[in-house]
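One-letter residues, chain by chain:
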Amino acid sequence: MSQNAENIVSLIKSHRCYSHPIFKHWAASNPEPNVIGALFHQIQMFCSSTRPGWEFPNALEHHGLNVESHLLQEIVESEEGHGPELASMAAHIINKAAGEMVFHDTNDQISVEEKLKDYSNQLLKTLPGYTVEDGLTLQARKAISVFDMRKSNSREDTYRNLGATIALETISHQQLIPGEKLCLVDSGAYGVSLDEPEMHYLHEHWGESGAEAHHEQNAVEAVSSVLNDETVTFIEEGAQDFLDSLCALWDVLDSTLLHSGIPLDKDVKQVA
Ligand SMILES: [Fe+2]
Ligand SMILES: [Fe+2]
């Protein structure tokens, strides 16, 4: 990795988002099924916004960055089928947490996602800026809007998109996916394993041979080859926007749904 790329990676790793405790708090607080549903709704809405390439691979090619375009295209293609698999995993976990079949068909993506949104609306609709039509917190909308920039093919935005991508893939590989594995599997709270068909999403994404490790490697390679004194500003801006907005989403979900790691009854006892 070039010296400059190492600087970008250390910028990502030193951001609060990289070590955000939301998933540790999820594991520690053993949330109710409706809370899990609300969390999965916000997570799945955010994740689905990160999958399409829009104009980004074409824009890279347009600016003469053919190798980088190919690296990005590979990431985009590998995302196929991940939406239905994430919905299926969410439904399976909620069934386990509830101890009954809340979702009779965990493969029915549309009705699973509709119910996840209902849970989110039920618990979060009074937050300032929350919109019930799409069930989005203000913070999720902001995090999602970072990926709208992939619809632009300007040179500056293309470099910003590379910055957002290296941050996304580093966070996915090193914070988000390990965090999900910790709270969903390793905690033992739901009695599930990575070998179950409904857990295929996590099985495919997790670990050094998983999808996110591969994405991270592609993103680092693409950024390393285009970094110079002129592009570094845009790349850093893109990474920073991604990290700040996702961190704000983790903060609001952590504080409203997981009480930032403090189970409510213990909190009340401490106050008393
Ligand atoms: Fe994915
Ligand atoms: Fe990824």
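Below or above, wherever it landed, is the structure these notes cover. (Residues numbered from 1 in each chain as written. Chains lettered and ligands numbered in written order. Predicted model: local features only at pLDDT ≥ 70, side-chain atom pairs only at ≥ 80, totals over all residues.)

**Observations concerning the overall build of the chain**
Helix and strand counts for the chain come out as 13 helices and 0 strands. Traced from its N-terminal end to its C-terminal end, the chain shows the element sequence α-α-α-α-α-α-α-α-α-α-α-α-α. Expected size for 272 residues packed as a compact globule is a radius of gyration near 19 Å; at 19 Å, the chain falls within 12% of this value. In the chain, buried positions account for 45% of the 272 residues. Here the contacts in the chain between residues at least 6 apart in sequence split such that 78% fall between residues at least 24 apart. (Helix = DSSP H or I, 4+ residues; strand = E, 2+ residues; numbered from the N terminus. Rg over C-alpha atoms; globule rule 2.2 N^0.38 Å. Buried ≥ 20, exposed ≤ 12 C-beta atoms within 10 Å, placed from the backbone. Contact = placed C-beta atoms within 7 Å.)

**A closer look at unusual backbone geometry**
What you tend to see is this: most non-glycine residues have negative phi, and most peptide bonds are trans. Residues other than glycine seldom take positive phi values, yet N30 does so here, at roughly 40°. Take N30: it is sitting in the loop between α2 (22-29) and α3 (33-50). Classification of N30 by C-beta neighbours within 10 Å gives partly exposed; the count is 14. For W54, which is not glycine, the phi torsion reads 45° and is therefore positive. Residue placement: W54 occurs in the loop between α3 and α4 (56-62). Under the C-beta neighbour-count criterion, W54 is labelled partly exposed, with 16 such atoms within 10 Å.

**Here we look at the packing of α2 against helix α9 (residues 155-186)**
Between α2 and α9, the least distance of the axes is 8 Å, while the angle of their chain directions is 5°. In terms of axis orientation, α2 runs roughly parallel to α9. When α2 is examined against α9, the residues I22, F23, K24, W26 and A27 are found in contact with a partner set consisting of G179, E180, L182 and C183. Residues that form the contact of α2 with α9 fall into these classes: 6 nonpolar, 1 polar and 2 charged. (Axes fitted to C-alpha atoms, helices over the stretch in contact; angles between N-to-C directions. Parallel < 35°, antiparallel > 145°, perpendicular 65-115°, else oblique. Nonpolar A, V, L, I, M, F, W, Y, C, P; charged D, E, K, R; others polar.)

**Focus: the nonpolar core**
If you look at the biggest cluster of nonpolar residues, it comprises 72 residues, and the most contacted ones within it are A90, A167, V223 and A239. No other element matches α9, which puts 12 residues into this core. Beyond its immediate sequence surroundings of up to four residues, A239 is in contact with I8, L11, I12, G163, A164, I166 and A167. (Core = buried A, V, L, I, M, F, W, Y, C linked by C-beta atoms within 7 Å.)

**Structural notes on helix α8 (residues 138-145)**
For α8, the complete set of buried residues consists of Q139, A140 and A143. All buried residues of α8 project into a common sector of 100° when viewed along the axis, lining one side. Looking at the buried positions of α8, the neighbouring elements they touch are α3 and α12 (232-257). (Arc of directions from axis to C-beta.)

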